Amino acid sequence: MFGNRTITPLAEEKIQSHGNGFIHNGQEYIHHSDLQEHQIALHRLSEQQIVFLSALFIIICLSLILNWHTTIVVLVATITLLYFADLLFNLFLIYRSFSRAPELVVTPQELSEHVHDLWPTYTIFCPLYNEAAVLGQFVKAMSAMDYPHDRLEVMLLLEEDDQTTIDAARAMKLPEYFTIQVVPQSSPKTKPKAMNYGLKKAKGEYIVIYDAEDIPDPLQLKKAVLAFAKAGEKTVCIQAKLNFYNPHQNLLTRVFTAEYSLWFELVLTGLQSIHAPIPLGGTSNHFRKADLKKLHGWDSFNVTEDADLGIRLVKQGYTTAVMESVTLEEANSNAINWFWQRTRWIKGYMQTYFLHMRRPGEFKNRLKRPHFLTFQLVVGGKVLSMFINPTMWIITIGYFVLRSILGPFIESFFPSAIFYMAALSLVFGNFLYMYYYMIGCKKNEHDDLVKYAFLVPIYWLAMSVAAWVAFYKFVVAPHHWSKTKHGLHLK
Amino acid sequence: MKNNIEKFKENFSFFAIFFLVFLSILCFLYFFSHGLTVVFGDSKGHMNISRRVIDSPTPGLAQLGAYWLPLAHLLTLSLVWQKYLWISGIAGTWFNLIGYIFTTIYLYLLTKRITDSKICGIACSLVFALNPNILFLQSTPMTEMLFIATTVIGSYYFFEWSLSKKITKLIKAAFFIMLASLTRYEGWALAVFTTGYIFLELIFAKGREKTKREADLITFSAVAWFGIILWILWGWLLVGDPLDFMRNDLSAKSQTHLYYEDIKATGDGNMWLALTTNILAVYHTAGPVVAIFLIAGVLLHLLKEYKHLLEPSTYIWFLLMMPFVFDILTVFSGNVPVEVPELSRQPPPGSMFNVRYSLFVLPFVVVLLAINFRNKFLTLIVGAIIIVSYFFMIFPNPQNIAVLNEAGASGTPVGVKNTINWFVNSYDDGYVLASTGAMDGLMFDAKMPLKNYITEGAYKLWPPALKDPKKVVKWILLDEGNKRDAVNKHIDKRKLHHDFYVVYKSGTFTIWKIKAQ
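In this text, all values refer to a predicted model and were calculated from it rather than measured experimentally.

Conventions we followed
- Residues numbered from 1 in each chain as written.
- Chains lettered and ligands numbered in written order.
- Predicted model: local features only at pLDDT ≥ 70, side-chain atom pairs only at ≥ 80, totals over all residues.
- Heavy atoms only, no water.
- Helix = DSSP H or I, 4+ residues; strand = E, 2+ residues; numbered from the N terminus.
- Rg over C-alpha atoms; globule rule 2.2 N^0.38 Å.
- Buried < 20%, exposed > 50% of the residue type's maximum accessible area, 1.4 Å probe, protein only.
- Contact = heavy atoms within 4.5 Å.
- Areas by Shrake-Rupley, 256 points an atom, 1.4 Å probe, with all protein chains shown as cover.
- Lys, Arg positive; Asp, Glu negative; His and termini not counted.
- Charge placed at Lys NZ, Arg CZ, Asp CG, Glu CD.
- Pairing = 2+ DSSP bridges.
- Phe/Tyr/Trp six-rings, centres within 6.5 Å; stacked < 30°, edge-to-face > 60°.
- Axes fitted to C-alpha atoms, helices over the stretch in contact; angles between N-to-C directions.
- Polar contact = N/O pair within 3.5 Å; in protein donor to acceptor, adjacent residues only side chain to side chain.
- Parallel < 35°, antiparallel > 145°, perpendicular 65-115°, else oblique.
- Left-handed = near helix turned anticlockwise from the far one by under 90°.
- Buried area = accessible area lost by both parts, 1.4 Å probe.
- Salt bridge = Lys/Arg side-chain N within 4 Å of Asp/Glu carboxyl O.
- Nonpolar A, V, L, I, M, F, W, Y, C, P; charged D, E, K, R; others polar.
- Patch = residues over 30% accessible without salt bridge, like charges linked within 9 Å, V, L, I, M, F, W, Y side chains within 5 Å.
- pLDDT = per-residue confidence, 0-100.
- Core = buried A, V, L, I, M, F, W, Y, C linked by side-chain atoms within 4.5 Å.

1. Some words on the overall build of chain B
- Helix and strand counts for chain B stand at 28 helices and five strands.
- Taking 24 Å as the expected radius of gyration for a compact globule of 517 residues, we find that chain B reaches 24 Å, a close match to that expectation.
- For the C-alpha atoms alone, the extent of chain B along its principal axes is close to 80 × 55 × 45 Å.
- Counting every position in chain B, which comprises 517 residues, the buried fraction comes to 56%.
- Of the contacts formed within chain B by residues at least 6 apart in sequence, a portion of 73% connects residues at least 24 apart.
- Roughly 22,200 Å² of accessible area belongs to chain B as shown, and the carbon and sulfur atoms make up 66% of that amount.
- Each charge sign in chain B was given a centre, from 46 positive and 35 negative side chains, and these centres are 5 Å apart.

2. What about the pairing of strand E5 (residues 152–159) of chain A?
All names here are of chain A.
- Counted residue by residue, E5 has eight buried out of eight residues, so it is predominantly covered.
- On E5, burial covers both faces: Leu152, Val154, Leu156 and Leu158 on one face and Glu153, Met155, Leu157 and Glu159 on the other are all buried.
- Where strand E4 (residues 122–128) and E5 come together, seven bridges link them in parallel fashion. Directly across from Ile124, in E5, lies its bridge partner Val154.
- When E5 meets strand E6 (residues 178–183), the two strands line up parallel, connected through six bridges. Looking across to E6, one finds that Glu159 is bridged to Val183.

3. Some words on the packing of aromatic side chains
- According to the stated counting rule, one finds 63 aromatic pairs over all chains in the structure shown.
- Aromatic side chains Tyr156 of chain B and Tyr157 of chain B sit 5.2 Å apart centroid to centroid with 70° between the ring planes, which places their arrangement in the edge-to-face category.
- Given the relative accessible area of 11%, Tyr156 of chain B is considered buried.
- For Tyr157 of chain B, a relative accessible area of 10% puts it in the buried group.
- Through pairs of rings, three or more aromatic residues link up here, namely Trp119, Tyr122, Tyr147, Tyr206 and Phe228 of chain A.

4. A look at the sheet that holds strand E2 (residues 21–24) of chain A
Residues and elements named next belong to chain A.
- In space, the three strands of this open sheet follow the order E1-E2-E3, with antiparallel pairing throughout. The open sheet is flanked by strand E1 (7–9) and strand E3 (27–30), the only strands paired with a single partner. Sheet twist, expressed as the average angle between the axes of neighbouring strands with direction ignored, equals 30°.
- In terms of strand pairing, E1 meets E2 through three bridges, oriented antiparallel. When the bridges of E2 are listed, Thr8 appears paired with Ile23.

5. A few points about helix H24 (residues 436–446) of chain B
All names here are of chain B.
- In terms of burial, H24 is largely enclosed, as eight of its eleven residues are buried.
- All buried positions along H24 are accounted for by Thr436, Gly437, Met439, Asp440, Leu442, Met443, Phe444 and Ala446.
- A distance of 3.2 Å separates the backbone nitrogen of Gly437 from a side-chain oxygen at the start of H24, and that oxygen is part of Ser435.
- The first or second residue beyond H24 is Lys447, which carries a positive phi of 60°.

6. Let's talk about the packing of helix H7 (residues 118–129) of chain B against helix H20 (residues 362–372) of chain B
Residue and element names in this part refer to chain B.
- For the pair H7 and H20, the least separation of the axes is 9 Å and the interaxial angle reads 160°. Judged by the inter-axis angle, H7 sits roughly antiparallel to H20. Crossing handedness for the pair H7 and H20: right-handed. Counted together, Cys124, Ser125, Val127 and Phe128 of H7 and Leu362, Pro363, Val366, Leu369 and Ala370 of H20 form the full contact between these two elements.

7. Comments concerning unusual backbone geometry
- Here the residue pair Ser187 of chain A and Pro188 of chain A is connected by a cis peptide bond, since its omega of -10° sits within 30 degrees of zero.
- Mapped onto the secondary structure, Pro188 of chain A falls in the loop between E6 and helix H6 (191–201).
- Although it is not a glycine, His275 of chain A sits at a positive phi angle of roughly 55°.
- By relative accessible area, which is 37% here, His275 of chain A ends up partly exposed.
- Positive phi is not limited to glycine here, since Lys165 of chain B has a value of about 60°.
- Structurally, the position occupied by Lys165 of chain B is in the loop between helix H9 (144–164) and helix H10 (167–181).
- Of the residues examined, Lys165 of chain B reaches a relative accessible area of 25% and is grouped as partly exposed.

8. Observations regarding the interface of chain B and chain A
- Listed as interface residues are 18 residues of chain B and, on the opposing side, 17 residues of chain A.
- Across the interface of chain B and chain A, roughly 1,700 Å² is buried in total on both sides, 73% from carbon and sulfur atoms.
- A per-residue breakdown of the area chain B buries against chain A is headed by Ile218, Phe226 and Leu237 of chain B, which together make up 28% of the total.
- At the boundary of chain B with chain A, the tally comes to four salt bridges.
- Between Arg208 of chain B and Asp447 of chain A there is a salt bridge, with its nearest N and O atoms 3.8 Å apart.
- Put simply, chain B and chain A have five residue pairs in polar contact (both at pLDDT 80 or more) between them.
- At the level of elements, H10, helix H12 (208–224) and helix H13 (226–239) of chain B are the ones that each hand at least two residues to the side of chain B that touches chain A.
- The leading source of residues in the side of chain B that touches chain A is H12 of chain B, at ten residues.
- Partitioned by chemical class, the residues of the side of chain B that touches chain A number ten nonpolar, four polar and four charged.

9. Things to note about the sheet that holds strand E3 (residues 475–479) of chain B
Residue and element names in this part refer to chain B.
- The strand order across the open sheet formed by five strands is E2-E1-E3-E5-E4, and the pairing between neighbours is mixed. Each having just a single partner strand, strand E2 (453–454) and strand E4 (500–506) make up the two edges of the open sheet.
- Of the strand pairs in this sheet, E4 and strand E5 (residues 509–514) are connected by six bridges, and their pairing is antiparallel. Each residue of the ladder has a partner; that of Ser506, found in E5, is Phe509.
- The strands touched by H24 are E2, E3 and E5; relative to E3, the strand with the most contacts, the crossing angle is about 130°.

10. Things to note about a nonpolar patch on the surface
- Where nonpolar side chains cluster on the molecular surface, the patch consists of Ile397, Phe400, Val401, Leu402 and Ile405 of chain A together with Ile229, Leu233 and Trp236 of chain B and spans about 800 Å² of accessible area.
- Within the residue set of the nonpolar patch, elements represented by two or more residues are helix H13 (371–401) of chain A together with H13 of chain B.
- The topology assignment puts Trp236 of chain B in helix H13.

11. Focus: the pairing of strand E11 (residues 319–329) of chain A
All names here are of chain A.
- Taken across its eleven residues, E11 has eight buried, putting it largely inside the fold.
- Here strand E8 (residues 215–216) runs beside E11; their pairing, made up of two bridges, is antiparallel. The residue bridging Ile215 from the neighbouring strand is Leu328, located in E11.
- Where strand E9 (residues 235–244) lies against E11, nine bridges are found, and the strand directions are parallel.

12. Quick word on the confidence of the model for chain B
- Of the residues in chain B, 94% reach a pLDDT of 70 or more, and the chain-wide mean stands at 89.
- Interface predicted TM-score (ipTM) for the complex: 0.86; the corresponding pTM is 0.89.

13. Overview of the nonpolar core
- Judged by nonpolar contacts, the single largest core of 205 residues is most densely connected at Phe125 of chain A together with Tyr100 and Phe136 of chain B.
- Broken down by element, the residue count for this core peaks at twelve residues, all from helix H8 (residues 251–273) of chain A.
- Not counting residues up to four positions away in its chain, the partners in contact with Phe136 of chain B are Phe31, Leu36, Val39, Phe40, Ile401, Val403, Leu404 and Ala407 of chain B.
- Membership of the second largest hydrophobic core comes to 38 residues, among which are Val106, Leu156, Phe178 and Phe228 of chain A.

Here you go:
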């Protein structure tokens, strides 16, 4: 974390032959992107952040030594305010989601009225790694896309060291609009690096990313083209909604589906309605290639490059819109697999948070809206609450179970105003968050999953454990991409 | 001329709301200027409960207590910090004015939807809006108007949901029914009825619809019952008894037993008397036409729908009747008495008690008016007759309305006013030990800071003050003739006589002051 921070650009010839990159600490990195050093998550923290966080840590320690009780009261008050703000913000988002219905909707009539010859060229990226098992399903899903084949390019982005998938892809009789791009072996070995590589090769005017296990709405590409036209120039990304095709596989997939329903049906649409930064969903993000190039593609060092890109584009004055079209994915059905996927997501959120807090002024430079605050709540607050939740739950349970012994001691950390705010956040906050899952399921027509929202507290607990592991991983292996296994539903 | 009519139609909503706001404020000003805003003993209790949250020897939300439901007190809290708004009752009335306006609007929307006629909607909603007892209740810091408002709005969305099955309607219905359940216990009957209704729809549903109704049941119940569960938990947390609201000394049942002593309240244990008492109460608060129409309307509706008695669509209309049914049952079970002059066995003869609860049935009558006549003309005629009958309630004397009379009966007698004056003039300093069960009205009328009083709610100070008063208080208010006086019930009289002496006496009421050291 505190090592040598200087990077040396690669020689021009090397860039020409291998792609854009640099050398850091003797290690060569080829990330195929023009992003500047301050825009990538190579370093966990900037130097200023290290100084700031160290100073904060020292101040808290000193305060605890000098007056531990008051220090804890201040910390509790700060956390409570954060929870309370988050409670109000989420309530507002859900309200907006219902009252505005901000999703872009493309009607069948609009689709039929569009002149056939005017559909632009489209490139579909599909980064694959050790995913030969789902290749067949993906080819079938892509073949079902309702888009002129002469204007379509499906690009399979395969890793050089994944010979099994390369062989499987080459052995398949792929339609002529499929291309195979083998990404040369280099560090970091991540999905965004593969996509940056693909971006250089893509021929399409529009670009979308699908994961190998995705089954998109066959009309999604056409809808995206028309949605871009409706949304205006400032909208550089259209996010399709994600849902699962195996929600009933087991208990985990049911709760996972409920979570996705909440995120895509209510939270993202609420965020869109206020033009807030939207952490993108990893797949089914549609772009105009020119815009994507202007944004310099993805951060190859960020393990949630989608979330990072969603924030970056807002900082540059652009917006993301959610479109009424669904891509079906595979819900993670294995608890261990889910845990490591979640760990990676949370680690990526940490990377994204610290990366964009290096220059917080950029949030207000280009837009008048208070995106700095929404970023704090959507990305920072979301992660922080995962760390703190277990502590608050233990305090609550301790308070009620051992009230006669611990009651006055715990109460002493909560001055009246803070106590009421904390009680409101605890009671209404937890209830409302659980309730949002129910509404999300209802809105998504997963009526049979509504009852599983009662299991969400256990899910939150698992997320908190994943958050702490993610923190450890953030320190020891920030760029390691913990690959999620797909195709478990096929077994 | 035609242009003007068109303009009026275009701006109807504006004129209608303006009229309602004007009427609401005008009536409030009338009752306020006649000193009739805070006349109910209970209204003083409501004002004091809110005020104690910020003005008490032990301030905090615990002062809301665990007996009276909290929503009205929480709303009152927004203004009660200002002394004038507390003493005048305005802090506890403002939301009733808003509630009155919204109830009328939602009744209009509901009946317009049923009859598909704007004019019928107007006539039906005016049956509610012009009732003199309603206009009085909306001008007082009581909980009834807020309850009617939350009930009507919740019911409106529930009707809407029953037709459209839209999730947003269901959530809104659940939310307002939750608010109703946090305003009055009658709201709990609404929660039971509506949940039962969705459950029945679930039973009748088939295939995918069954799954949808199951999801609706969970989504609805989670919110509609949230307030009730919270309230029970609150009681458990605050006083260690989740059912404290049913069992404590201030509960309706305890108060009824204290008040009636050995005799039974009218209708206690007798369903026929409980029913007739409540219908007679409707007669007093809404007039004979409404009382007759209530009975005839229910029978007519059941006769019309007798072939579909098992179908949810038949009895969804009875949703708005639930608070009234609840009150009949509470009279029957002896929990809450209602007395009407025709049947009352409790002295003084001819007095009324709790007749205001009968007004809960008025929105139901309004809906009956809309659903029972296929002929809009009949709806208009019956509506007009009811509205005309209201004028006979207020003429020749505008103050001759039933709920106002009931409120007057529980108002402050002249003797007590003299006592209050004496106390206010003589009080110097120190804590005053007093029971809210017996002295809340006096404490309100005295207009002194409530932090001077140690009452049942001063949880840290109350037990030591009763055990050894001289160590904690300087004054004690006692009414040996009042069984609700917890100080009289629990204090050690020997210590009292040893350390305090009587400085004022009026009947069984005494004021004690600590002896000089």
